[in-house]
Amino acid sequence: MSRESDIRALERRAFRAWPALETDTTAGWVRRFSGGYTKRANSINALEADIEFNQSLRIALESPYRARGLQPIWRLTPLAPPEVDAALADAGYRRIDESLVQRSALEGRFVQDPEVRIDPTPSAAWLAGFAELSPVAPAHRETMERMLRSIKAPVGFARVEDDGEPVAFALGVVDGGHVGLFDVLVAPRARRRGLARRLTESVCAWGQAHGARFAYLQVVATNRAALPLYAALGFETVYSYGYRVP
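Criteria and cut-off values
- Counting restarts for each chain, with residues numbered from 1 along the sequence as it is written.
- Given that this is a predicted model, residues contribute local features only at a pLDDT of at least 70 and side-chain atom pairs are listed and counted only at 80 or more, while totals for whole chains, interfaces and linings are drawn from all residues.
- In computing side-chain properties, one takes all heavy atoms of the structure into account and sets aside hydrogens as well as water.
- Two strands form a pair only when DSSP identifies at least two bridges running between them.
- Starting at the N terminus, helices and strands are each numbered in turn, a helix being any DSSP run of H or I of at least four residues and a strand any DSSP run of E of at least two.
- In this analysis, axes come from line fits to C-alpha atoms, helices being fitted only over the stretch in contact, and the angle between any two N-to-C directions falls in the range 0 to 180 degrees.
- Two residues qualify as a contact provided that any one of their heavy atoms is within 4.5 Å of a heavy atom in the partner residue.
- Geometry of aromatic contacts follows a simple scheme: Phe, Tyr and Trp rings, the Trp one being its six-membered ring, pair when their centres are within 6.5 Å, and the pair is stacked under 30 degrees between planes, edge-to-face over 60, tilted otherwise.
- Exposure classes here rest on a 1.4 Å probe applied to the protein chains alone. A residue is buried below 20% of its type maximum, exposed above 50%, and partly exposed in between.
- The criterion is that NZ of a Lys, or CZ of an Arg, lies within 6 Å of the ring centre and within 35 degrees of the ring normal, and then a charge sits over that ring.
- In this scheme, a helix's expected span is set at 1.5 Å multiplied by one less than its residue total.
- Fitting axes to the seven residues that end at a residue and to the seven that start at it, the angle between those axes gives the bend at that residue.
- Think of a salt bridge as a Lys or Arg side-chain nitrogen and an Asp or Glu carboxyl oxygen that are within 4 Å of each other.

S.K.: In this structure, what is going on with the sheet that holds strand E10 (residues 214-220)? I would like to understand it.
M.R.: In a beta sheet, neighbouring strands pair by backbone hydrogen bonds and run either parallel or antiparallel. Spatial ordering of the open sheet is given by E1-E2-E3-E4-E11-E5-E10-E9-E8-E7-E6, a layout of 11 strands whose pairing is mixed. Looking at which strands have only one partner, the edges of the open sheet turn out to be strand E1 (22-26) and strand E6 (117-119). Averaged over all neighbouring strand pairs, the angle between strand axes comes to 25 degrees, with direction disregarded. Those strands touched by helix H4 (residues 124-133) are strand E7 (155-162), strand E8 (165-175) and strand E9 (178-186), and its axis lies near 95 degrees from that of E8.

S.K.: Quick question: what am I supposed to make of the packing of aromatic side chains here?
M.R.: How two aromatic rings sit relative to each other is set out by the distance from centre to centre and by the angle between their planes. Within the structure shown, the criterion is met by 11 aromatic pairs. Between the aromatic rings of Trp126 and Phe169, the centroid separation amounts to 5.8 Å while the plane-to-plane angle is 90 degrees, which identifies the pairing as edge-to-face. Of this pair, Trp126 sits in helix H4 while Phe169 is found in strand E8, placing the two residues 43 residues apart along the sequence. Like Phe169, Trp126 is buried. Ring centres of Tyr241 and Tyr243 lie 5.8 Å apart, and the angle between their planes is 85 degrees; on these two criteria the pair is classed as edge-to-face. Assigned by exposure class, Tyr241 and Tyr243 land together as buried. An aromatic cluster is defined as three or more aromatic residues linked by ring pairs; in this entry it consists of Trp126, Phe130, Phe157 and Phe169. We note Arg103 situated over the ring of Phe214; from NZ or CZ to the ring centre the distance is 5.8 Å.

S.K.: It is not clear to me how the environment of Pro82 should be interpreted in this structure. Could you clarify?
M.R.: Its place among the elements puts Pro82 in the loop between strand E4 (74-76) and helix H3 (83-90). Pro82 gets classed as exposed once you look at its relative accessible area, which sits at 76%. In this structure the C-alpha to C-alpha distance between Pro82 and Ala139, which are 57 residues apart in sequence, comes to 36 Å.

S.K.: Teacher, can you tell me more about the environment of Ala87 here?
M.R.: As for its placement among the helices and strands, Ala87 is situated in helix H3. The sequence separation of Ala87 and Val116 amounts to 29 residues, and the corresponding C-alpha distance is 46 Å.

S.K.: Just to check I follow, could you spell out helix H2 (residues 55-67) for this structure?
M.R.: Residues separated by three or four positions in an α-helix point in the same direction, a consequence of the helix having 3.6 residues per turn. Taking 1.5 Å per residue as the helical rise, H2 with its 13 residues ought to reach 18 Å, and the 18 Å between its terminal C-alpha atoms agrees with that figure. If you look at H2, its biggest bend is around 30 degrees, right at Leu61, and the proline Pro64 turns up within four residues after that. Buried within H2 we find Leu57, Arg58, Leu61, Glu62 and Tyr65. Elements in contact with the buried residues of H2: E1, strand E2 (29-33), strand E3 (44-46), E4 and H3. Two residues or fewer past H2, Gly69 is found with a positive phi of approximately 75 degrees.

S.K.: Help me out: how do you make sense of unusual backbone geometry in this one?
M.R.: Glycine aside, residues mostly have negative phi angles, and peptide bonds mostly take the trans form. Each neighbour pair has its own omega, and for Ser134 with Pro135 the value is -15 degrees, a cis peptide bond. Tracing the sequence through the fold places Pro135 in the loop between H4 and helix H5 (141-149). Positioned with a positive phi, Ala27 is a non-glycine residue whose angle comes to about 55 degrees. The phi torsion at Glu107 lies on the positive side, around 55 degrees, for a residue other than glycine.

S.K.: Could you clarify how one ought to interpret the pattern of salt bridges in this entry?
M.R.: Two side chains with opposite charge may pair up if their charged atoms get near one another. Across all of its chains, the model carries 24 salt bridges by this definition. Between Arg198 and Glu115 there is a salt bridge; the shortest N-O distance is 2.8 Å. Of this pair, Arg198 sits in helix H6 (residues 195-209) while Glu115 sits in the loop between strand E5 (94-105) and E6, placing them 83 residues apart in sequence. For Asp162, the salt bridge is made with Arg189, and the minimal N-O distance between the two is 3.4 Å. Of this pair, Asp162 sits in strand E7 while Arg189 is found in the loop between E9 and H6, placing the two residues 27 residues apart along the sequence.

S.K.: Teacher, can you tell me more about the environment of Ile44 here?
M.R.: Among the secondary structure elements, Ile44 is positioned in strand E3. Given a relative accessible area of 0%, Ile44 falls into the buried group. Along the backbone, Ile44 and Tyr65 are 21 residues apart, and their C-alpha atoms lie at a distance of 9.7 Å. Aside from chain neighbours lying at most four places away, what touches Ile44 is Trp29, Val30, Arg31, Leu61, Glu62, Tyr65, Ile73, Trp74 and Arg75.

S.K.: What exactly am I supposed to notice about the pairing of E5 here?
M.R.: Each regular strand displays side chains that alternate between the two surfaces of the sheet. As paired elements, E5 and strand E11 (residues 236-245) share eight bridges and run antiparallel to each other. Note that in E11 the partner of Val101 across the bridge is Tyr239.

Rendered as structure tokens:
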């Protein structure tokens, strides 16, 4: 598989794993709409080969966002034509949140921690704790729940409890021989106990039990706490992306 095809396959898996409420494709660009909840789910993305970009197309792609009162967000991966980033910069768009897509072969290296519980549906306590730590604004919590409940199985909602109260969370989604790891969150009072590592290893083990051979994740490039952990677990960067916003 070529690098471009590999990136495209990972992008499609990630879109399915974090599904927008609405999606359409125009001239090879994928537009995702979710009422403003998360940049990923409300962004313009290059996906198809040999797509074009020009000023009139930019305006047309942005128009539905502006009509909904949303800021147009361009998520730029290596699949985007190289001139897009410079054109948006010239138009005054800021580049933010540089992120890495990383992957690791599972190879039976991970074992699920007995204290990490992984369920096929999110409980009310999982949703509340996840929303608090993300954090998710009250106006977006209904959208968050709709998106999470729309993820197609196999999906695992992982958590660790302390005295019966969830204090750490993660999400795993299996698709096409890969398990995607999303949103590893640990409450401040439960940090420095290795919970992020235990959640990551457990979701990887769960994914392998559901047929995955690889794990992938998306991490902000400046996340100094997460990057050494993922490197120690064998994750390597496949590609990077950033956002352009007005």
